Amino acid sequence: MGGAAKHAAGVDSELACPVSPVVDIVFSRWTTPILWTLNEFGRQRFVELQRNIRTITPKVLTQRLRQMERDGLVVRTYHPEVPPRVEYEISELGRSLAPIFAHLADWSAENLHKVERARREFDDADLPAGAPR
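So, a few notes on the structure that sits alongside this text. (Residues numbered from 1 in each chain as written. Predicted model: local features only at pLDDT ≥ 70, side-chain atom pairs only at ≥ 80, totals over all residues. Heavy atoms only, no water.)

### Remarks on the sheet that holds strand E3 (residues 44-45)
Move 1: Taking strand neighbours across the sheet as the criterion, the three strands line up as E3-E5-E4 in an open arrangement whose pairing is antiparallel. The two strands at the open ends of the sheet, each matched to only one other strand, are E3 and strand E4 (74-79).
Move 2: Pairing of E4 with strand E5 (residues 85-90), which is carried by six bridges, proceeds in the antiparallel orientation. The residue of E5 that forms the bridge with His79 is Arg85. (Pairing = 2+ DSSP bridges. Helix = DSSP H or I, 4+ residues; strand = E, 2+ residues; numbered from the N terminus.)

### Digging into the pattern of salt bridges
Move 1: Inspection of every chain in the model, using the stated rule, returns six salt bridges.
Move 2: The partner of Arg95 in a salt bridge is Glu92, and the shortest N-O contact between them spans 3.5 Å. Here the residue Arg95 and the residue Glu92 both occupy positions in helix H6 (residues 92-95), the gap between them amounting to three residues, near one helical turn.
Move 3: A salt bridge links Arg119 to Glu116, with the nearest nitrogen and oxygen atoms 3.2 Å apart. (Salt bridge = Lys/Arg side-chain N within 4 Å of Asp/Glu carboxyl O.)

### Concerning the side chain of His79
Move 1: Among the secondary structure elements, His79 is positioned in strand E4.
Move 2: A polar atom in the side chain of His79 sits 2.9 Å from the side chain of Glu87.
Move 3: Residues contacting His79, with those up to four places away along its chain left out, are Pro84, Arg85 and Glu87. (Polar contact = N/O pair within 3.5 Å; in protein donor to acceptor, adjacent residues only side chain to side chain. Contact = heavy atoms within 4.5 Å.)

### Digging into helix H5 (residues 58-71)
Along an α-helix, a turn takes 3.6 residues, which lines up residues three or four apart on a common side.
Move 1: Compared with the 20 Å implied by 1.5 Å per residue over 14 residues, the 20 Å span of H5 between its first and last C-alpha is a close match.
Move 2: Along H5, the residues classified as buried are Leu61, Arg64, Leu65 and Met68. Seen end-on, H5 carries its buried residues on one side only, within an arc spanning 100 degrees. With respect to the buried face of H5, the exposed residues turned more than 90 degrees away are Lys59, Arg66 and Arg70.
Move 3: Turning to H5, the residues buried within the fold contact helix H2 (20-26), helix H3 (31-41), helix H4 (46-53), E4 and E5. (Expected span 1.5 Å × (residues − 1). Buried < 20%, exposed > 50% of the residue type's maximum accessible area, 1.4 Å probe, protein only. Arc of directions from axis to C-beta.)

### Remarks on the packing of H3 against helix H7 (residues 98-124)
Move 1: Look at H3 against H7: their axes get within 11 Å of each other, and the N-to-C directions meet at 105 degrees. As far as their axial angle goes, H7 and H3 are roughly perpendicular. Residues Thr32, Leu35, Trp36 and Asn39 of H3 form the contact with H7, whose participating residues are Ala98, Phe101 and Ala105.
Move 2: Counted by class, the contact of H3 with H7 contains five nonpolar, two polar and no charged residues. (Axes fitted to C-alpha atoms, helices over the stretch in contact; angles between N-to-C directions. Parallel < 35°, antiparallel > 145°, perpendicular 65-115°, else oblique. Nonpolar A, V, L, I, M, F, W, Y, C, P; charged D, E, K, R; others polar.)

### Topic: the packing of aromatic side chains
We describe a pair of aromatic rings using the distance from one ring centre to the other and the angle between the two ring planes.
Move 1: Counted by the stated rule, this structure contains two aromatic pairs.
Move 2: Ring plane angle 90 degrees and centroid distance 5.9 Å describe the contact between Phe27 and Phe101, whose orientation is recorded as edge-to-face. You can see Phe27 sitting in the loop between H2 and H3 and its partner Phe101 sitting in helix H7, a full 74 residues away along the chain.
Move 3: A residue is classified by how much of its surface remains accessible, and Phe27, at 32% relative accessible area, is partly exposed.
Move 4: Note on Trp36 and Phe101: the rings are 6.3 Å apart at their centroids and 65 degrees apart in plane angle, and the pair reads as edge-to-face. Of this pair, Trp36 sits in helix H3 while Phe101 is found in helix H7, placing the two residues 65 residues apart along the sequence. (Phe/Tyr/Trp six-rings, centres within 6.5 Å; stacked < 30°, edge-to-face > 60°.)

Below, the structure is given as structure tokens:
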């Protein structure tokens, strides 16, 4: 392994975990719900997208859509009408993530209750006061 592939503290993070860059792009706080919504409901105007996601602010939605357009996951179409209309849709690249989301949805349905149980057991554990966790 050459020097370029190593950092001073060890192996390059992409070599240690080659999915890290994908996780950074696709699974940020708002990217996943935006992609899911566009995949499920198709092309949408900004207001429709915001209404479907509910808890996202206009500022954050604008920022995420710009980044996702830059990453090639979303296509923005401007219609020069009066008033102007802008629509967003998932790109083919974004749509290629659908099987991953389907697997994650399956995993969630199968295992999320196990995670909740583990959290409860962890939180309910009687540890002596001051014991490190």
